[in-house]
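Results of the structural survey
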Amino acid sequence: MPRLAIPRLVRCGRAITGALAAALACYCGAGAASPFPAIEPAAAASASVGASAPRTNPHAQTSPVEPAAPSEQYGALYRDVELAHLFADSKTFADMVPIEPPQQIMTAYNDEKQRADFNLEQFVGRYFVLPAGGTKRYVSDPQQDVVSHIDTLWSVLRRDPDPAASRWASLLPLPFPYVVPGGRFDEIYYWDSYFIMLGLEQSGRRDLAVDELKDFAALIDRYGHIPNGNRTYYLSRSQPPFFAQMVRLVAQEDGDQVYVRYLPELREEYAYWMEGSDRLAPGRAYRHVVRLADGTLLNRYWDDRAAPRDESYREDVATAQQTPQRDVADLWRNLRAGGETGWDFSSRWFADGRTLASIDVTSLIPVDLNCLLVDLERALAKAYRLQGDAMHAENLEQRAATRADAIRRVLWDPSLRAFGDFDVVHHTLTHQLTAATVYPLYAGVASRDQAHAVADTVRRGLLRPGGMATTQVATGQQWDEPNGWAPLQYLAVIGLRRYGEADLAQSIATRWIRTNVSYYQRTGKLVEKYDIGAATVMAASGGEYPLQDGFGWTNGVLRVLLALYPGAAESTRPADIAEGPAGVAAAAASSAAAAHRLQGASAVHP
């Protein structure tokens, strides 16, 4: 059953309809205090770090661009452009490149906007240009099977190392080639990239997989953590921490010395997620860490800013207007923290179980994040042991064991027979069944009995004709019923196989493979997500933007699962669909139209 709306959602209410500008100016500099009443900031020494600025690493390398989000650099101009709806996608202006320093642009704006004939669109066109990006024209070949299609797409989605064209651009340059998801996502994304790397390895493109790992290490060296993506407006948050998994993937071929080579970055990644934990008293929280009343230390998702997301600015302002009684700083921080979860957005995070305006990410201890941190602690322990540092290795091994025990104890829901998320305000589990329940199996954290119970619960509650569902709730959000997502299918399959649940693993994999292949045969595309609720494969919907094709992690997971289950699909070419010649012609026509969304962002006006 959904959580009840909690009191903090209505405290300190402020309507923003008539005083939006003032509210934005006020809340962009919100402090570091935890948003829920039961848990306060950590010690004063920790709390003194301002939450409006990203965490900084004093030993980090110099950033080649100004590490400030466009909304911070341009203030009123940024707000005015986004709310004027000059571009169909809020992300377009966030990605545009200024041709003058921000201070000069703002001086010109403050002067010119007073004129009666001022035209905001013309002003933007004079001072900003669309990024050159990695636009490549690609048309699917109806004679190409899906494996060859994926292997071809890696080159289409590959981007060269970035030149620092402008110190004030939002793109964080990367030193090595990388692979983007596709469509509007023409930059690297943290957790997407692990599943892309899996596919690259399967396709024999280890060169790109290794380059991706080196790019993420460079981001840690430069900023002290891996941001959500390589944009300045993502620096205030990260994403599910798969860096240790990336190191393990490369080490499988290159040997265990890879762990030692990346020990400094593994250590810094861990420090980012654990900042403030050494000074955290029971019943308190700080940034990503929460210590329960009994002393148990676990982690949550967080964002260092309390302002509308640059890439979804207009949408976040509209969400605030729907709930004038809610503190807007709290709302916007939770929307941003929702971006860090990777599940943006889902009923999993909603206090009322239904509506985005009730989003309450920072009050929850999520099972997936903590399982990934167990794996990070284990990777650190292995790296220290390989280096000959037994003391630190034993410390991290103990931390991993303690966290794993806490997951089994605190995040196990006996009523659902599944793992879930813990609400620290109400001191209870959320009692929502979601695909995140497979993470303890994937990480090897679940007990045998728990794993078999999860398998039974997934079979009864989440198995759909097209794969494994994300949740059981249909809200119109993209990480809800009826949508299925590639990374969750992979994690479920690997986790279930780990505990001997081979039949269910094969069922999920086979259903997902056939969903992907069927859609590819009829459209020439592999897309970001799929509607898996019906026997007939359909395009997914929901969320803040149109369905994207390309698509990085879909390609990677399908490539791996086809290798694990080669008999799951008899034919995978569009030219082999059952409808015969007429169907082949239709598939070829659809394939010929599959190029438009691979060309990156465009400044399309509504």
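Note that the structure is predicted; figures quoted are calculated from it, not measured. (Residues numbered from 1 in each chain as written. Predicted model: local features only at pLDDT ≥ 70, side-chain atom pairs only at ≥ 80, totals over all residues. Heavy atoms only, no water.)

Within the protein, the secondary structure is distributed over 22 helices and 17 strands. Classification of the 606 residues of the protein by burial places 61% in the buried group. Residue pairs at least 24 apart in sequence account for 72% of intrachain contacts in the protein once pairs closer than 6 positions are excluded. Accessible area of the protein: about 21,200 Å², with a carbon and sulfur share of 52%. (Helix = DSSP H or I, 4+ residues; strand = E, 2+ residues; numbered from the N terminus. Buried < 20%, exposed > 50% of the residue type's maximum accessible area, 1.4 Å probe, protein only. Contact = heavy atoms within 4.5 Å. Areas by Shrake-Rupley, 256 points an atom, 1.4 Å probe, with all protein chains shown as cover.)

Counting across every chain of the model gives 43 salt bridges. Close ionic contact of R206 with E201 constitutes a salt bridge, the shortest N to O distance being 3.1 Å. When the shortest N-O distance is used, the salt bridge between R206 and D254 registers 3.1 Å. Linking R206 in helix 9 (residues 206–223) with D254 in helix 10 (residues 243–254), this pair joins segments that are 48 residues apart in sequence. (Salt bridge = Lys/Arg side-chain N within 4 Å of Asp/Glu carboxyl O.)

We now examine the packing of helix 3 (residues 70–83) against helix 6 (residues 120–127). Running from amino to carboxyl end, helix 3 crosses helix 6 at an angle of 120°, the nearest separation of the two axes being 11 Å. By the angle between their directions, the pair helix 3 and helix 6 is classed as oblique. Relative to helix 6, the crossing made by helix 3 is left-handed. Along its contact with helix 3, which presents L77, D80 and V81, the element helix 6 presents L120, F123 and V124. (Axes fitted to C-alpha atoms, helices over the stretch in contact; angles between N-to-C directions. Parallel < 35°, antiparallel > 145°, perpendicular 65-115°, else oblique. Left-handed = near helix turned anticlockwise from the far one by under 90°.)

Right, let's talk about the environment of P264 for a bit. Topologically, P264 is positioned in helix 12 (residues 263–274). Residues P264 and A217, 47 residues apart in the sequence, show an inter-C-alpha distance of 9.0 Å.

Under the definition given, this model contains 34 aromatic pairs. An angle of 55° between the planes, with centres 5.5 Å apart, marks the rings of Y109 and F123 as tilted. Here the residue Y109 occupies a position in helix 5 (residues 102–112), and F123 occupies one in helix 6, the gap between them amounting to 14 residues. Relative accessible area serves as the criterion here: at 3%, Y109 is assigned to the buried category. Look at F123 and you get buried, because its relative accessible area is 0%. Between W412 and F419 the ring centres are 4.8 Å apart and the planes differ by 70°, which places this aromatic pair in the edge-to-face class. Residue W412 is classed as buried on the basis of its relative accessible area, which comes to 16%. Ring-pair connections join several aromatic residues into one group, and the members of that group are W191, Y194, F195, F242, W343, W479, W485, Y490 and W553. A cation sits over an aromatic face here: K214 above F176, 4.3 Å from the ring centre. One cation-aromatic arrangement involves R348 over W343; the distance from NZ or CZ to the ring centre is 4.6 Å. (Phe/Tyr/Trp six-rings, centres within 6.5 Å; stacked < 30°, edge-to-face > 60°. Lys NZ or Arg CZ within 6 Å of the ring centre and 35° of its normal.)

Our next topic: the nonpolar core. The biggest cluster of nonpolar side chains holds 176 residues, and the ones touching the most others in it are L77, F195 and F243. Dropping the residues within four chain positions of it, F243 is found in contact with Y190, L213, F216, A217, I220, I226, Y262, E265, L266 and E269. (Core = buried A, V, L, I, M, F, W, Y, C linked by side-chain atoms within 4.5 Å.)

Spatially, 3 strands are ordered 5-6-7 in an open sheet, and the strand pairing comes out antiparallel. Two strands lie at the open edges of the sheet, namely strand 5 (284–286) and strand 7 (297–299), each paired on one side alone. The mean angle between the axes of side-by-side strands here comes to 20°, regardless of whether they run parallel or antiparallel. In this sheet, strand 7 lies alongside strand 6 (residues 289–291) in antiparallel orientation, the contact comprising 3 bridges. Paired with V289 across the strands is N299, a residue of strand 7. (Pairing = 2+ DSSP bridges.)

We now examine unusual backbone geometry. In this model, D344 is joined to F345 through a cis peptide bond whose omega is 10°. In this structure, F345 sits in the loop between helix 14 (328–341) and strand 8 (364–365). With an omega of 10°, the peptide bond between E481 and P482 qualifies as cis. By the element assignment, P482 lies in the loop between strand 14 (467–468) and strand 15 (483–484).

Quick look at the packing of helix 10 against helix 15 (residues 367–387) now. Viewed as axis vectors pointing N to C, helix 10 and helix 15 meet at an angle of 50°, and their least axial separation amounts to 8 Å. Considering the angle they form, helix 10 stands oblique to helix 15. Judged by the sense of rotation from one axis to the other, the crossing of helix 10 with helix 15 is left-handed. Counted together, A244, Q245 and R248 of helix 10 and D375, L376 and A379 of helix 15 form the full contact between these two elements.

Reading predicted coordinates in detail is not appropriate for stretches of low pLDDT. With 84% of its residues at a pLDDT of 70 or more, the protein shows a mean pLDDT of 88. Below a pLDDT of 50 lies the segment residues 1–54, which in the model reaches 141 contacts outside its immediate sequence neighbourhood of four places, other chains included. The low-confidence segment residues 595–606 (pLDDT under 50) makes 34 contacts with residues lying over four places distant or belonging to another chain. (pLDDT = per-residue confidence, 0-100.)

With that settled, consider the environment of D503. Here D503 shows up in helix 20 (residues 502–523). Along the chain, D503 and V493 lie 10 residues apart, while their C-alpha atoms are 9.8 Å from each other.

A separate point is the sheet that holds strand 11 (residues 422–423). With respect to topology, 3 strands assemble into an open sheet ordered 8-11-12, the strand pairing being antiparallel. Only two strands of the sheet have a single neighbouring strand rather than two, namely strand 8 and strand 12 (428–429). Pairing of strand 11 with strand 12 involves 2 bridges; the strand directions are antiparallel. Across the sheet, residue F422 finds its bridge partner in strand 12, namely L429.

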